[in-house]
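Here is how the chains run, residue by residue.
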Amino acid sequence: MDDGYITEDGRKIGGVVMEMKNITLRFGGVVAIKDISFDIREGEIRAIIGPNGAGKSSMLNVISGFYIPSEGEVFYKGSKRPQMRPFEVARQGIARTFQNIALFEGMSVLDNVMTGRLNHMQSNLFQQALWSGKAEREETANREVAEKVIDFLEIQHIRKTPVSRLPYGLKKRVELARALAAEPQLLLLDEPMAGMNVEEKEDMCRFILDVNDEFGTTICLIEHDMGVVMDLSDRVVVMDYGKKIGDGTPNEVRNNQEVIDAYLGVSHD
Ligand SMILES: Nc1ncnc2c1ncn2[C@@H]1O[C@H](COP(=O)(O)OP(=O)(O)O)[C@@H](O)[C@H]1O
Ligand SMILES: [Mg+2]
């Protein structure tokens, strides 16, 4: 297992990229995460599922470095991760989308996607203000990456449209585009399909699979819809009331009685 494994659909998964060790997270008296351990392996699509309030978003925030766990340790690429600021996380190759869309509504799709390149900017504000050669070359290179991502996600036709004018499903896709523009090694998606209609969900599913396939991006996603999880993910962590109650392939967790009782037995939304 240490060198990886072969998925049910025959893909090669590599070694551990991210390891969560005995993570506990408290907000005052609320214990959002209780002593959870699991890992994420290179190239895999790892899902976190569970009822509302289970602690999934909190966990994604620990993985992204946005929350510092109250107890436990996070290992990333083999070393213990110190407390980091958001831009440092981005430089480590981690990008994310949010449960509630976080885009600049008044800006165009292209400009929003360009903000995903901020962590790749080396020139300083002075060089940019003077529009120096370095700043210009950087701008061109960054624009090329942004345009490539826009093509990949099939949103060329709306590249100049202000985000505020887009339907929900496309906004979610623009948010994915911005995350991809950072060229992440680890992509974190918080309920990428929530609130979408069937067609939008199918599109998003396809794009997530394509990203993993085309760029080899490791993906950790939170999802409610068990059907989607079955289709997409290689391994699943199941959370309930801040605890981990299951961890395995979709088929393994689907047949786990504790998971059936806690998660599949109750209705959502
Ligand atoms: N910033 C916060 N401050 C206080 N409590 C929080 C905060 N974020 C989450 N919680 C609490 O932690 C628990 C888990 O929330 P969350 O991680 O959002 O669950 P999920 O994403 O699975 O729905 C909930 O009880 C929630 O109210
Ligand atoms: Mg959540």
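So, a few notes on the structure that sits alongside this text.

Examining the overall build of the chain
Logical step 1: Looking only at helices and strands, the chain features ten helices and twelve strands.
Logical step 2: In summary, the chain has a C-alpha radius of gyration of 19 Å against a globular reference of 18 Å for 269 residues, a match within 12%.
Logical step 3: Structurally, the chain occupies a C-alpha span of about 60 × 40 × 40 Å along its principal axes.
Logical step 4: Classification of the 269 residues of the chain by burial places 50% in the buried group.
Logical step 5: Considering only contacts within the chain whose residues lie at least 6 apart along the sequence, 67% involve residues at least 24 apart.
Logical step 6: Carbon and sulfur atoms make up 50% of the accessible area of the chain, which totals about 13,000 Å².

Focus: the site of ligand 1
Logical step 1: Around ligand 1 sit F27, V30, A32, P51, N52, G53, A54, G55, K56, S57, S58 and Y67, and that is every residue in its neighbourhood.
Logical step 2: Within the side chain of K56, a nitrogen or oxygen atom sits 2.8 Å from an oxygen atom of ligand 1.
Logical step 3: A distance of 2.6 Å separates an oxygen atom of ligand 1 from a polar atom in the side chain of S58.
Logical step 4: Considering ligand 1 on its own, with 560 Å² of exposed area, one finds that the protein chains cover 62% of that surface.
Logical step 5: At the level of elements, β4 (30–41) and α1 (56–63) are the ones that each hand at least two residues to the shell around ligand 1.
Logical step 6: Top contributing element to the shell around ligand 1 by residue count: α1, with three residues.

Criteria and cut-off values
- Going along each chain's sequence as written, the residues are numbered from 1 onward.
- To label them, take the chains in the order written and letter them from A, then take the ligands in the order written and number them from 1.
- pLDDT decides what is reported in this predicted model: residues at 70 or higher carry local features, side-chain atom pairs at 80 or more are listed and counted, and totals for whole chains, interfaces and linings draw on all residues regardless.
- Water and hydrogen atoms play no part in the side-chain values, which are based on all heavy atoms of the structure.
- Where helices and strands are cited, they refer to DSSP runs of H or I of at least four residues and of E of at least two residues respectively, numbered from the N terminus.
- Taken over C-alpha atoms, the radius of gyration is set against a globule rule of 2.2 Å times the number of residues to the power 0.38.
- With a 1.4 Å probe rolled over the protein chains alone, any residue whose accessible area is under 20% of its type maximum counts as buried; one over 50% counts as exposed, and the rest are partly exposed.
- A contact between two residues is defined here by any heavy atoms of the two lying within 4.5 Å.
- Each accessible area is a Shrake-Rupley result for a 1.4 Å probe, and residues are judged covered by the shown protein chains and nothing else.
- The nearness test applies per residue and asks whether one of its heavy atoms lies within 4 Å of the molecule or strand.
- In protein, a polar contact means a hydrogen-donor-capable atom and an acceptor-capable atom, both N or O and within 3.5 Å, with residues adjacent in sequence counting only if both atoms are side-chain atoms; elsewhere, any N or O pair within 3.5 Å suffices.

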